[in-house]
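# Observations on chain architecture
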Amino acid sequence: MKVLGIESTAHSFGVGMVIDNKIASNVVRMFEPDSGGIHPSESADFLARNAASVIKAGMIEPPELIAYSAGPGIGHCLKVGMIIAKYLAVKYKTKLVPVNHAEAHIEIGLKSTGVTDPLVVYVSGGNTQIIADNQGWRVFGETQDISLGNAVDKLARKFGLSHPGGPKIEKLAKTGKKFIEMPYIVKGMDLSYSGLVTHAANLIEQESQADIAYSFQEHCFAMLTEISERAMAHLDKKNLLLVGGVAQNKRLQEMMDIMCKERGAKSFVVPAELAGDNGAMIAWSGLVHKDKAISPEKAWFEQKWRLDQSLI
Ligand code: AMP
Ligand code: MG
């Protein structure tokens, strides 16, 4: 089967195809504002402007099924992807699968690594959640305010670095030497990053950017590793899977790996080219859920569609 996937939840317009269960194409264009964060209508304009060229490059064959990100995400951006998906479904006489974006991150992680029954650590620009399959996806811990990706991006902005800040903070952190004590905010199985960003940003006058970045990463990642370990212990998981854009961070990978090894478990990481938002993961998730396909007239999106909420 030839499945087309359209990703358009926030900063990226992505088109990918899964043909006969294999990823056949995956083209992404990402909105990178010169300064500041992602403004919803500016990002949606960027997605709409770039959609045609990304479709031309990514839609390598006429699709037989079309999947699109239906949430969670930014309303303006979701609408762009949904309208394009609707149009293409009418043109190619296919059905549409509304895909949960978080579930797509998980499913492409499962497919690409081959791991079974993991504790999933989902870390992206919009979300930070600890998830496992328990008669459907269940969220066992999550951020109470901003996501980990958003936290590193915010600190990067305070340093005057452009979006996305994650890779730049990672690079700076490698040269940091001094460990600066910062707030460590874990509440039961949840955590909070907002106060930590403010604390780190207030150190800019006294400390070097490298030392702040290093200490900030150590705190953020240790908090996440702690709740992940607790979830693994309670759920008796032998595998861990890191997915989402922040999964590319080598120090985070290393911390999760050490924690897993110490408890006789194994850690897996989604490959870099499938870690950030992309169309191939939407196509794959659409194929997994092809029984949920709807006619194009019935297409919808839901900005706050939680993974543990059944809408389809
Ligand atoms: P996503 O929303 O899944 O596309 O992921 C985008 C987020 O991942 C942004 O917040 C990026 O700053 C972050 N990110 C990407 N690469 C890295 C990295 N190496 N370290 C930390 N964060 C990263
Ligand atoms: Mg994402």
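Structural data are supplied above this passage.
Presented here is a report on the structure given in the accompanying data block. Please read all numbers here as calculations on a predicted model, not as lab measurements.

Backbone hydrogen bonds are what pair the strands of a sheet, in a parallel or an antiparallel way. Here 5 strands make up an open sheet; going across it, the order is 8-7-6-11-12 and the pairing mixed. In this open sheet, the two strands that pair with only one neighbour each are strand 8 (137-142) and strand 12 (266-269). Direction aside, neighbouring strands of the sheet carry axes that sit 25° apart on average. The sheet contact formed by strand 7 (residues 128-133) and strand 8 spans 5 bridges and is antiparallel. Looking at strand 8, one finds that Ala 132 is bridged to Arg 138. Across the sheet, helix 8 (residues 250-262) is in contact with strand 6 (119-123), strand 11 (239-243) and strand 12; its angle to strand 11 comes to roughly 170°.

For the magnesium ion (ligand 2), the full set of protein donor atoms is His 101 (NE2), His 105 (NE2) and Asp 277 (OD), and the range of their distances to it is 2.0 to 2.3 Å. Here the donor residues of the magnesium ion (ligand 2) share one chain and are spaced in sequence as H-x3-H-x171-D. In this pair, His 101 and His 105 are both assigned in helix 3 (residues 101-113), 4 residues apart and thus about one turn of the helix distant.

Turning to the sheet that holds strand 4 (residues 65-71), a few remarks are in order. An order of 3-2-1-4-5 is seen for the 5 strands of this open sheet, with the pairing classed as mixed. The open sheet has two edge strands, strand 3 (22-30) and strand 5 (95-100), and neither has a second partner. Direction aside, the axes of adjacent strands within the sheet are offset by 20° on average. As defined by bridge partners, strand 1 (residues 2-7) adjoins strand 2 (residues 12-19) across 6 bridges and the pair is classed as antiparallel. Residue pairing for strand 2: Lys 2 is matched across the bridge by Ile 19. Against the sheet, helix 1 (residues 40-58) makes contact with strand 2 and strand 3, and its axis sits at roughly 25° relative to strand 2, the strand it touches most. Relative to the sheet, helix 3 contacts strand 1, strand 3, strand 4 and strand 5, its axis offset from that of strand 5 by approximately 90°.

What counts and what doesn't
The residue numbering used here restarts from 1 in each chain and proceeds along that chain's sequence as written. Each chain takes a letter, starting from A, and each ligand takes a number, starting from 1, following the order in which they are written. The predicted nature of this model means local features are confined to residues of pLDDT at least 70 and side-chain atom pairs, given and counted, to a pLDDT of 80 or more, with totals for whole chains, interfaces and linings taken over all residues. The side-chain numbers reported here are obtained from all heavy atoms of the structure, hydrogens and water having been left aside. Two strands are said to pair when DSSP picks up at least two bridges between them. By the criteria applied, helices consist of DSSP H or I runs no shorter than four residues and strands consist of E runs no shorter than two, each listed in order from the N terminus. Note on geometry: axes are lines fitted to C-alpha atoms, helical ones only across the stretch in contact, with angles between N-to-C directions running from 0 to 180 degrees. The contact definition used throughout considers only heavy atoms, calling two residues in contact when any of these lie within 4.5 Å. Here a donor is any nitrogen, oxygen or sulfur atom (N, O, S) within 2.8 Å of the metal, with 3.2 Å used for Na, K and Ca; water is not among the atoms considered, so some sites may look incomplete.

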